[in-house]
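Close look at the chain arrangement
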Amino acid sequence: MPVSIVVGLQWGDEGKGKMVDHLAEKAVAVARFSGGANAGHTVEGEGKRFALHLLPSGLVRKDVIGMIGSACVMDPVTILEEIRSLEENGISTKGRLKISSKINLTHPGYKCIEKQSEVNLASEKIGTTGRGIGPTYERKFRRNAIRLDDIINKTTFTSLVDFHTKEAISTLNLGYAEVEKLHSDVAEFIEATREVAGYSDDVSLSISRVLDRGGLVIAEGAQGSLLDPDHGSYPFVTCGQCVSGAACTSLGFGPALVTDVIGILKAYTTRVGSGPFPTELDNETGEKIRRAGHEFGTTTGRPRRCGWLDGMLARYTARINGCTSITLTLLDVLTGFEELQICTGYKGGKFTTGRSMGELVPVYETFSGWTEDIRGETKWENLPEAARAYVLAVEKIVGVSVTSISTGPGRDDVIWR
Ligand code: GDP
Ligand code: IMO
Ligand code: MG
C-alpha cells in the first residue's frame, strides 16, 4: 500500500510535473495536495506539451486517476478551462478526476482584493501569481470561506457567495462599472461551481481504496519548500503548505502509509516573484542559465531569476521533508559552462529563512564544467566525468542519495542510477 510523495526542494519550477508524469507510469492515482492554479507543471507526453495548473500531472496518462486534496484551493472557472484544454488535446478527465468536496473556492472578488493588497504592500510586495491564492487561504482560516460541498445547500451557498461579493465591493470601494463586472464574474463562478461539483469526492476514502488494492498513489506537491508559509522565506512565500507533511493532511491519510519522499532538485536555482535569493546571479551567467533553461514562468510568463545551486538550502529542505531520495533535474542546462559553483555554506556560519535571509552571503565550492550535450541521456555511465562529479557532489552536500537525474523535458529523459 505505497504512497510516494513528490515535493519541490527550492522555490518551485524544479520539474515536479515532468517527474510526476514519469513516475505515474506505475501509479494508479496521482493526487495534488497543495496550492491552486498558482502552480505551473509542464508535462511533455503523448506527443504534446501540457501546462497544468491545478489538475494533477498524472492525468496526462489516460489510465491514471487524478485527485485534488482538501488543502488545495480552486477557482472553478479556471479548472474548467484546464479540463476543456486537456479534452481539446484528446485527454478526457471523465470518470477519473476526483476533487475533494472540502476544497475552498476562489471567489472572483478575491483576485481584485489580492491585486489591491499587493499595491498597498510598499515594502514587502510578494509578487504573487495573481490567482487569488492568499485571500482564499485567509478566508479558510477566518472560517467563512466557500467550500465545494456548500453547493449542496442552495441557501447556504447563495448567502456565502453574496457575503464575499459584498465584502469585495466595500473593501475595494468599487465603482458602478466594476460592480457590474464583478456581478457577471460571480454569475460565471456560480455556474462553474455547479459544473465542477460533478467531480466532488471523498478523496481520503478513494485513496484508501486504491491503497487497499495494493495500488501506488503519488502525492504531487506544488510550489517549492522555500515557498512554504512555515519553513520558507517568510514573508515571501505562498499560502498553501507545500512540504511533504502537508500531503497527509490534504489527502486524508496517515504518515505511516508513506514509503518514499522524493525531493525534486534543480541543478541550479530559480525563483519567480520577490524575496531573498542568496545565490542569485544578476549578471551574464544568470542570463545564460535563463536562456539555456528557458526560465520563464509557466503561469505568469515572468522571467525567472536564476542562480547557482544552493546546497545549504537543499540540505535544509531535504531535512524538513524527510526526503528518502532526490531527483536532480535540468542537469543538461548546465552544459557549456567552464566552471560551476555550489553554495556550501554562508559567511559567519549564519542560516535563516526569516526576514534576515537577504543578509546571507554564500560561500561556494567550484566544480569543472563539461561541453558534451547530455540532453535526453538515459545512462549514468555515458555522462561526462565532470557531470558525474557534479551529481556526486550534490549528493554529498545535501546528504541524500540522488537516485535519478532528469536530462530533458521529455517523459523518458531520465537516468536511474
Ligand atoms: P514544476 O513547476 O516543478 O512542475 O516545473 P515547471 O514545469 O514549471 O518548470 C520546469 C521546466 O523545465 C518545464 O519547462 C519542463 O518542461 C522543463 N524540464 C523539466 N525537466 C527538465 C530537464 O531535465 N531538462 C530540461 N532541459 N528541461 C526540463
Ligand atoms: P510550481 O508548482 C514558482 C510564487 C509566486 C510568488 C509567491 C506567492 O509551478 O512550482 P502566490 O500566487 O502563490 O500567492 O504567490 O509564490 N509561486 C511560485 N513560484 N512556482 C510555483 O509553482 C509557484 N507558486 C507560487 O511567484 O513569489
Ligand atoms: Mg512550475
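Everything numeric here is computed off the predicted structure, so don't read it as measured data. The numbers attached to residues start from 1 for each chain and follow its sequence in the written order. The naming scheme follows written order: chains are lettered A onward, ligands numbered 1 onward. Local features in a predicted model are, by the rule used here, given only for residues with pLDDT of at least 70; side-chain atom pairs are given and counted only at 80 or more, and totals for whole chains, interfaces and linings are based on all residues. Side-chain numbers here rest on the full set of heavy atoms in the structure, without hydrogens or water.

**Digging into the nonpolar core**
Basically, it comes down to this: For our purposes a nonpolar core is just a set of buried Ala, Val, Leu, Ile, Met, Phe, Trp, Tyr and Cys residues, chained together by side-chain atoms within 4.5 Å. Exposure categories follow from relative accessible area, calculated using a 1.4 Å probe and restricted to protein chains: below 20% of the type maximum is buried, above 50% is exposed, and the middle band is partly exposed. In this text, helices come from DSSP runs of H or I with a minimum length of four residues, and strands from runs of E with a minimum of two, each type numbered from the N-terminal end. Domain start and end points were adopted from an automatic or database domain assignment. Only heavy atoms enter the contact rule, under which two residues are in contact if any of them lie within 4.5 Å.
Ile207, Leu265, Leu331, Trp370, Tyr390 and Val394 are the most contacted members of the largest nonpolar core, which has 56 residues in total. In terms of residue count, helix α11 (residues 385-398) provides more of this core than any other element does, eight residues in total. Counting contributing residues, this core receives three or more from each of domain 1 (3-99 + 200-261) and domain 3 (264-416). Those residues in contact with Leu265, other than ones at most four positions away along the chain, are Leu9, Gln10, Leu309, Ala314, Ile326, Thr327, Leu328, Thr329, Val394 and Val398. Ranked by size, the runner-up nonpolar core spans 38 residues in total, among them Leu55, Leu86, Leu172 and Leu182.

**A short note on the site of ligand 2**
Definition in use: One heavy atom within 4 Å of a molecule or strand makes the whole residue count as near it. Polar contacts here mean pairs of N or O atoms no more than 3.5 Å apart (in protein, one a potential hydrogen donor and the other a potential acceptor; neighbouring residues in sequence count only if both atoms are side-chain atoms). In these tables, accessible area is a Shrake-Rupley quantity obtained with a 1.4 Å probe, and a residue counts as shielded only by the protein chains included in the view. The definitions used throughout rest on a 1 Å grid laid over the protein atoms alone, on which a cavity is an enclosed set of points accommodating a 1.4 Å probe that cannot get out and a pocket is an open set flanked by protein within 12 Å on both sides along at least five of seven lines; lining residues are those having an atom within 4 Å of a point. The way we define it, a molecule is inside a pocket or cavity when more than half of its atoms are within 2 Å of that pocket's grid points.
By nearness alone, 20 residues border ligand 2, and Lys16, His41, Thr129, Gln223 and Thr238 come closest of all. Asn38 places a side-chain nitrogen or oxygen 2.9 Å from an oxygen atom of ligand 2. For ligand 2, an oxygen atom lies 2.7 Å from a polar atom in the side chain of His41. If ligand 2 stood free it would expose 550 Å²; the protein chains cover 97% of that surface. According to the grid-proximity analysis, the pocket containing ligand 2 is the largest pocket.

**Points about the site of ligand 1**
Our working rule: Any residue outside Ala, Val, Leu, Ile, Met, Phe, Trp, Tyr, Cys, Pro, Asp, Glu, Lys and Arg is labelled polar, Gly included; the first ten of those are nonpolar and the last four are charged.
Surveying the vicinity of ligand 1 reveals 20 residues, the closest of which are Lys16, Gly40, Thr42, Asp332 and Ser406. In this structure, an oxygen atom belonging to ligand 1 sits 3.0 Å away from a main-chain N or O atom of Leu330. When the free accessible area of ligand 1 is taken as 590 Å², the share hidden by the protein chains comes to 94%. Judged by the fraction of its atoms near the pocket grid, ligand 1 is located in the second largest pocket. Elements with a contribution of two residues or more to the shell around ligand 1: α1 (16-23) and β3 (41-45). Examining the composition of the shell around ligand 1, we find that three residues originate from one element, α1, more than from any other. Broken down by class, the residue content of the shell around ligand 1 amounts to three nonpolar, nine polar and eight charged.

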